[in-house]
Amino acid sequence: MNADPTTAQATRRLRKWATVSALLLVPATILAGLLAVVGERASRCFTYGGCDSNPDWLYQGSLVIAGIAWVTALCVRRKAVGGTAYVVQLAAQGTFLMAVVTTYA
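Residues numbered from 1 in each chain as written. Predicted model: local features only at pLDDT ≥ 70, side-chain atom pairs only at ≥ 80, totals over all residues. Heavy atoms only, no water.

Our next topic: the overall build of the chain. The secondary structure content of the chain amounts to five helices and zero strands. In the chain, the succession of helices and strands from N to C terminus is α-α-α-α-α. At 18 Å, the chain has a C-alpha radius of gyration far larger than the 13 Å of a compact globule built from 105 residues. Each principal axis of the C-alpha atoms in the chain carries an extent, and together these give about 65 × 20 × 15 Å. Going through the 105 residues of the chain one by one, you find that 26% of them count as buried. For the chain, the share of sequence-separated contacts (at least 6 apart) that also reach a separation of at least 24 residues comes to 80%. Put simply, the chain shows about 7100 Å² of open surface, and 67% of that area lies on carbon and sulfur atoms. Averaging the positions of the 9 positive and the 4 negative side-chain charges in the chain gives two centres separated by 19 Å. (Helix = DSSP H or I, 4+ residues; strand = E, 2+ residues; numbered from the N terminus. Rg over C-alpha atoms; globule rule 2.2 N^0.38 Å. Buried < 20%, exposed > 50% of the residue type's maximum accessible area, 1.4 Å probe, protein only. Contact = heavy atoms within 4.5 Å. Areas by Shrake-Rupley, 256 points an atom, 1.4 Å probe, with all protein chains shown as cover. Lys, Arg positive; Asp, Glu negative; His and termini not counted. Charge placed at Lys NZ, Arg CZ, Asp CG, Glu CD.)

For any two helices packed against each other, one specifies the inter-axial angle together with the distance between the axes. The N-to-C vectors of helix H4 (residues 56-75) and helix H5 (residues 79-101) enclose an angle of 155°; their axes lie 8 Å apart at closest approach. Here H5 runs roughly antiparallel to H4, going by the angle between their axes. Crossing hand, H4 versus H5: left-handed. Every residue of H5 that contacts H4 at Leu58, Tyr59, Ser62, Leu63, Ile65, Ala66, Ala69, Trp70, Thr72 and Ala73 is listed here: Val81, Gly82, Ala85, Tyr86, Val88, Gln89, Ala92, Gln93, Thr95, Phe96, Ala99 and Val100. Taken together, the residues of the contact of H4 with H5 break down into 16 nonpolar, six polar and no charged. (Axes fitted to C-alpha atoms, helices over the stretch in contact; angles between N-to-C directions. Parallel < 35°, antiparallel > 145°, perpendicular 65-115°, else oblique. Left-handed = near helix turned anticlockwise from the far one by under 90°. Nonpolar A, V, L, I, M, F, W, Y, C, P; charged D, E, K, R; others polar.)

As a further point, take H4. One turn of the α-helix equals 3.6 residues, which is why residues spaced by three or four share an orientation. For H4, with 20 residues, the first-to-last C-alpha span of 29 Å sits near the 28 Å given by 1.5 Å per residue. Listed as buried for H4 are Tyr59, Ser62, Ala66, Ala69 and Ala73. All buried residues of H4 fall inside an arc of 110° around its axis, so they share one side. Exposed residues pointing more than 90 degrees away from the buried face of H4 are listed as Asp56, Trp57, Gln60, Ile68 and Cys75. (Expected span 1.5 Å × (residues − 1). Arc of directions from axis to C-beta.)

Among the secondary structure elements, Ala42 is positioned in helix H3 (residues 40-48). Sequence spacing of Ala42 and Tyr104 is 62 residues, and the spatial spacing of their C-alpha atoms is 5.4 Å. Ignoring anything within four residues of it in the chain, the contact list for Ala42 reads Ala36, Val37 and Tyr104.

On the surface, Val26, Ile30, Leu31 and Leu34 cluster together into a nonpolar patch covering about 410 Å² of accessible area. Tracing the backbone through its elements, the reader meets Val26 in helix H2 (residues 25-37). Here Val26 falls in the exposed class, since its relative accessible area comes to 54%. (Patch = residues over 30% accessible without salt bridge, like charges linked within 9 Å, V, L, I, M, F, W, Y side chains within 5 Å. Salt bridge = Lys/Arg side-chain N within 4 Å of Asp/Glu carboxyl O.)

Read these as spatial facts, not as claims about activity.
The following block contains the structure:
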């Protein structure tokens, strides 16, 4: 069974945007880390220590979910499943970036 050309094009576009957003997570993480470090509370935490942080499972879990969703968006041929995986990927990346920003909040 041959795929509809518009569906194949939409799937290709979805794969491209999923990869672009996955690659942009690295510079976004660097910027979020810089934003977290320049705060007043962060300087107090570095100077005196003893500040609480977000739990490690939040960082790890959101990155694992984003990675699985990215691979799913790349590998699945059905646009509906790939689109859902892309939305999950963006949500997990957003969760990770918010956790980085609020590290010393």
